[in-house]
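Structural overview for review
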Amino acid sequence: MNHKTVITKSVREAIDFYPGGLCFSELSGIPILVNQQMNTLIETLTGHTVLDAVTAWNELQAVSTKNGCIRLDKPWLKTEYFHDDENTLVFAFPDDHIWQFRKQLIADNGIIQIEAAEITQLYHISEELYNNNIRLKQMQKRQEKLLDDIVQINRDRELLRTKMRIHDDLGYCLVASKKALTSDEITDEVYSELLSGWEEAICGMTNVPKQNRDASPEAELQKVAALVGCQIIFIGEQPKEKNALLLMYSAIREALTNAVRHAGANRLTVDIQREKQWYHVQISSNGRPADGEITESGGLKSLRRSLEAQGAKLSYLYQNGVVLVIDLPAQED
Amino acid sequence: MINVLIVEDSKITRDSIERQISDLPGFHIITSIENAANAEIVCMKGNIDLILMDICTADDESGLNAAKRIKQHYPAVKIIMMTSMPEHSFIQKAVECGCESFWYKEYGNEDLIEVCRRTLNGESVFPDMTPVLKIGNCSSDQFTKRELEVIRELVKGHKYSEISENLQIKYDTVKFHVRNIMEKTGYANTLQLVADVVEKRLILPKY
């Protein structure tokens, strides 16, 4: 046995001991070296060992299920831990092992290498991680919702507590009244105790609101505007989306404050136009025209910040005074 | 005559405060509103002496923000902040906004009318401390200032790397604080912690 034969055999043995699958071929597909593991895997998937690497790869690409093997295309395979391109294929084998096949060009693009790596553990951990991340995102959404609602939840709890107290008071009055009415005689003391009990229960009952809000945002804004001698006139339909509506009221508040404080206005006109995905709102007043252009500071600056944070826009028109123009994103009908 | 503006979005509380104030000789309620953002407009009338201002008001408007703006334009108006929320930062924020006094609707023994009188006499009436809440195995006063800042960041759903950036501390320092918080509370994960502090209203990041 000459030296060259020894080296070739040793290389063959060495790559056969390699736990993964390896295949090196010429660009035409003629195999140079294929290890035992690769032949076994390819045989299970295609029904034959590697005779031509290019053909074998094409056959692998066409396999979706064969001999109990299933081609996998799960979303967690698209995460950073895996290659996700046309040169990567993943299969589940009947023995529950998962193998990833990857084709690449090596040796200055002169040789094709197909490598098969057993990724069973990585696959299952990634699946778990992927599902945990989804759960975490859902929990985060629920947490954000809870934060949004916590003040209202608290308010509702207070209301419920009050209603329960009134329920108890009324129950007590009813029982005491029944007892007094069925007794032979009602003393002055019992009578006055009953009377004050009923008065308290009824008084408590009249203070419980049927709804949380007394005034709509518009009604309250009109009320405070009237207090400073200003009337707000709305033209057009107001936004239905709560966010857009509240942003519009913030802008009206700012315009009202400036118009009354700096321009002595007593009338504010809010003109609302719906334009496909936007509400176009122009807010003008009958106050004195401003000298020069608006310099944003304080209120206007913070209004712009809150508008832009929610995808809305703020601009100005200069025509018989300053007109505040806001564009609010609308939901599609 | 003391002219009063009441900002309170709970009808029960508002009715109760209105009754107490209108029974007082020398006090006159100009109006009651539900949304703190409208308070500054009322102040433009120029006749408000005292505002009883809730912190969490209608449409999620913050009474603290409103108070800050009012104090900039109308520093003579006295403001008493009111809340039923045990949020740990509210007292400090009220001081920073320049409010004269602070009244807990549910926790303190202080009478609102007494707080009004003392405030109008030039005193600043503030509770000694925020209500102490049980968070897991520890009480809320056992958290350091920095730990409360870290919890606030966790409540906002920020990752450790974002907390590190927002609070200008090292990533490992964030982990160190979180580990300490977990040891104190006995919670197994930050989600349990966040659920508890939000449920008990120790932290309300919107305000």
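For the structure, see preceding data.
The rules behind these values
Residues numbered from 1 in each chain as written. Chains lettered and ligands numbered in written order. Predicted model: local features only at pLDDT ≥ 70, side-chain atom pairs only at ≥ 80, totals over all residues. Heavy atoms only, no water. Contact = heavy atoms within 4.5 Å. Buried area = accessible area lost by both parts, 1.4 Å probe. Salt bridge = Lys/Arg side-chain N within 4 Å of Asp/Glu carboxyl O. Polar contact = N/O pair within 3.5 Å; in protein donor to acceptor, adjacent residues only side chain to side chain. Pairing = 2+ DSSP bridges. Helix = DSSP H or I, 4+ residues; strand = E, 2+ residues; numbered from the N terminus. Axes fitted to C-alpha atoms, helices over the stretch in contact; angles between N-to-C directions. Buried < 20%, exposed > 50% of the residue type's maximum accessible area, 1.4 Å probe, protein only. Core = buried A, V, L, I, M, F, W, Y, C linked by side-chain atoms within 4.5 Å.

What to know about the interface of chain B and chain A
Listed per partner, the contact involves 43 residues of chain B and 35 residues of chain A. Roughly 3,500 Å² is buried in total at the junction of chain B and chain A, and carbon and sulfur atoms are behind 53% of that figure. Run the count over chain B and chain A and you get two salt bridges. E61 of chain B serves as the salt-bridge partner of R253 of chain A, at 3.9 Å between the closest nitrogen and oxygen. Our enumeration of links across chain B and chain A arrives at nine residue pairs in polar contact (both at pLDDT 80 or more).

Observations regarding the sheet that holds strand β2 (residues 27-33) of chain B
All names here are of chain B. Reading across from one edge, β2-β1-β3-β4-β5 is the order of the five strands in this open sheet, with parallel pairing throughout. Edge strands, defined here as strands with exactly one partner in the open sheet, are β2 and β5 (101-104). Ignoring which end each strand starts from, the neighbouring axes of this sheet average 20 degrees apart. Of the strand pairs in this sheet, strand β1 (residues 2-7) and β2 are connected by six bridges, and their pairing is parallel. Its bridge partner lying in β2, V4 is registered against I29.

Some points on unusual backbone geometry
All names here are of chain B. Positive phi outside glycine occurs at Q168, with the angle close to 55 degrees. Here Q168 is to be found in the loop between α7 (160-167) and α8 (171-185). The phi dihedral of R201 falls on the positive side, at around 65 degrees, and the residue is not glycine. The residue R201 is located in the segment after α9 (190-199) in this model. Judged by its relative accessible area of 10%, R201 is buried.

Looking at the nonpolar core
With 92 residues, the main nonpolar core has M248, I252 and L328 of chain A together with I51, M53 and M81 of chain B as its most contacted residues. At eleven residues, the largest contribution of residues to this core is made by helix α7 (residues 242-263) of chain A. With sequence-adjacent residues up to four places away left out, I252 of chain A is seen in contact with L221, I232, F234, L268, V270 and I283 of chain A. Listed in part, the 21 residues of the second largest apolar core include L45, V50, A56 and I112 of chain A.

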